Amino acid sequence: MHTYTHGHHESVLRSHRWRTVANSAGYLVDQLTGSEHLLDVGSGPGTLTVDLARHVAAVTALETGAEELELCRREAREQAQDNVDFLIGDITALSEIADDTFDVVHAHQVLQHLADPVTALREMARVTRPGGLIAVRDVDYATFTWFPLDPRLDRWLEIYEQLARSNGAEPDAGRRLLAWAHEAGLDDLTPTASSWCFATPADRSWWGGMWADRVLQSRFAEQAYAEGASTPEELEAISRAWLAWAEHPDGWMTQTHGELLARVS
């Protein structure tokens, strides 16, 4: 059983709906010919899934439950993208999918939330046809860099990493993708990295406002209180820090993502 540290509050979905092929799958898109059947693991609210569907013949969106999958289904319907189908399943035990089914298996910001990412990669390889691709991309939270410096944001990162690890997850996943792939028995590998940068007034307002809400209203807050990792007073201060960073004319944030393409033999 996997515990998703972020939860599905509106403030979390606001972040995930920003994701597109352009900002989240550049390392993969040039490998696509347009003829592939792609499995998108952890499709979330579906903006990236539906955008990927514009680049391939068909996409199967995989989520852990009906409620989560409905978000993607709604996005595909609103975008009139009719080459997407939908499947409930567990990426570490895809018993409902036969061997060698997909040309591409893609997972964006998924492995960091799993207690057993190596088994997930083995399952991804099993359902990928010989010669097909596995494509994974995960952030590395320890690479978050911001300016101006603020000890309240230092504390936010400390709390987040504590909560993620208490769920059995690994928030610094980006740097571990290559090691996990080796452990999974994959050997035809292309590792890369890319970053997101939030430094314009509009980007700061969006990112800072989103996290100002998340630290108070999402599962982050619920878990922090339940585990004694923080207090309402501290999270209120962290929320104010995000807003102050967003409003500062010198505000800057970058975060690095590990990326990996694995060709299945």
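Every chain is numbered on its own, with residues counted from 1 as its sequence reads. Two thresholds apply to this predicted model, a pLDDT of at least 70 for residue-level local features and 80 or more for giving and counting side-chain atom pairs, whereas whole-chain, interface and lining totals are computed over all residues. To obtain the side-chain values, all non-hydrogen atoms of the structure were included, while hydrogens and water were left out.

Concerning the overall build of the protein
Rules: Only DSSP runs of H or I reaching four residues or more are called helices, and only runs of E reaching two or more are called strands; each is numbered from the N terminus. The quantity called the radius of gyration is restricted to C-alpha atoms. Its globule counterpart is 2.2 Å times the number of residues to the power 0.38. For the exposure calls, accessible area comes from a 1.4 Å probe over protein chains only, and a residue counts as buried if that area is under 20% of its type's maximum, exposed if over 50%, partly exposed in between. Note on contacts: a residue pair qualifies if any of its non-hydrogen atoms lie within 4.5 Å across the two residues. The protein chains shown are the only cover counted for residues, whose accessible areas, like all others here, come from Shrake-Rupley with a 1.4 Å probe. Counting rule applied: Lys, Arg positive; Asp, Glu negative; His and chain ends not counted. Charged side chains are reduced to one point each, which is NZ for Lys, CZ for Arg, CG for Asp and CD for Glu.
The secondary structure content of the protein amounts to eleven helices and eight strands. On C-alpha atoms alone, the protein measures out to a radius of gyration of 18 Å, which is about the 18 Å that the 2.2 N^0.38 rule sets for 265 residues. Considering only C-alpha atoms, the protein reaches an extent of 50 × 40 × 35 Å along its principal axes. Taking all 265 residues of the protein together, the buried fraction comes to 55%. In the protein, the proportion of contacts linking residues at least 24 apart, taken out of those at least 6 apart, comes to 77%. When the accessible surface of the protein is totalled, it reaches about 11100 Å², and 51% of it is carbon and sulfur. Computing the positive centroid from 21 side-chain charges and the negative centroid from 41, the protein places the two 2 Å apart.

As for the pairing of strand 5 (residues 128-139)
To keep it simple, the criterion reads: At least two bridges found by DSSP between two strands are what make those strands a pair. For the handedness criterion, the strands are oriented away from the viewer, and a crossover whose path from the first strand over the helix to the second runs clockwise is classed as right-handed.
Among the twelve residues in strand 5, nine count as buried, and that is most of the element. Relative to strand 5, strand 4 (residues 102-108) runs parallel, the two being bridged by six bridges. Its bridge partner being in strand 5, phenylalanine 102 is matched across the sheet by threonine 128. Note on the crossover from strand 4 through helix 6 (residues 117-126) to strand 5: the handedness is right-handed. When strand 5 meets strand 8 (residues 252-263), the two strands line up antiparallel, connected through seven bridges. Each bridged residue has a counterpart across the sheet, and for aspartate 138 the counterpart in strand 8 is glycine 258.

Looking at the packing of aromatic side chains
Rules: Pairing of aromatic side chains requires ring centres within 6.5 Å, counting the rings of Phe and Tyr and the six-membered ring of Trp. Pairs whose planes differ by under 30 degrees are stacked, by over 60 edge-to-face, and all others tilted. Comment: the charge-over-ring label is applied if NZ (Lys) or CZ (Arg) is within 6 Å of the ring centre and within 35 degrees of the ring normal.
Scanning all chains against the criterion turns up 13 aromatic pairs. With 5.6 Å between their ring centres and 45° between their planes, phenylalanine 144 and tryptophan 156 make a pair best called tilted. Linking phenylalanine 144 in the loop between strand 5 and strand 6 (145-147) with tryptophan 156 in helix 7 (residues 151-166), this pair joins segments that are twelve residues apart in sequence. For the pair shown, phenylalanine 144 and tryptophan 156 are each scored as buried. Arranged with centres 6.3 Å apart and planes meeting at 65°, the rings of tryptophan 146 and tryptophan 156 form a pair that is edge-to-face. Of this pair, tryptophan 146 sits in strand 6 while tryptophan 156 sits in helix 7, and the two are ten residues apart along the sequence. Take tryptophan 146: its relative accessible area is 7%, and that puts it in the buried class. Stacked on the ring of tryptophan 211, the Lys or Arg arginine 214 has its end atom at 4.1 Å from the ring centre.

Notes on helix 6
Counting buried positions over the ten residues of helix 6 gives seven, a clear majority of the element. Buried residues of helix 6: Pro117, Val118, Ala120, Leu121, Glu123, Met124 and Ala125, and no others. Tucked into the core, helix 6 has its buried residues touching strand 4, strand 5 and helix 8 (177-183).

Notes on the pattern of salt bridges
This is how it is decided: Every case where a carboxyl oxygen of Asp or Glu lies within 4 Å of a side-chain nitrogen of Lys or Arg is listed as a salt bridge.
Under the defined criterion, the tally for this structure stands at 15 salt bridges. As a salt-bridge pair, arginine 126 and aspartate 99 come within 2.6 Å of each other at their nearest N and O atoms. With arginine 126 in helix 6 and aspartate 99 in the loop between strand 3 (84-88) and strand 4, this residue pair connects regions lying 27 residues apart in the sequence.

A look at the pairing of strand 1 (residues 37-41)
Counted residue by residue, strand 1 has four buried out of five residues, so it is predominantly covered. Where strand 1 lies against strand 2 (residues 58-63), five bridges are found, and the strand directions are parallel. Directly across from leucine 38, in strand 2, lies its bridge partner valine 59. With helix 4 (residues 47-53) bridging strand 1 and the parallel strand 2, this β-α-β connection has right-handed handedness. Note that strand 1 and strand 4 share four bridges and pair parallel.

Side note on the environment of methionine 124
Looking at the element boundaries, methionine 124 is found in helix 6. Taking the relative accessible area as the measure of exposure, methionine 124 reaches 0% and is therefore buried. Linking methionine 124 and glutamate 63, residues 61 residues apart in sequence, is a C-alpha distance of 14 Å. Those residues within four positions of methionine 124 in sequence are excluded, and the remaining contacts are Ile91, Val105, Ala107, Ile134 and Val136.

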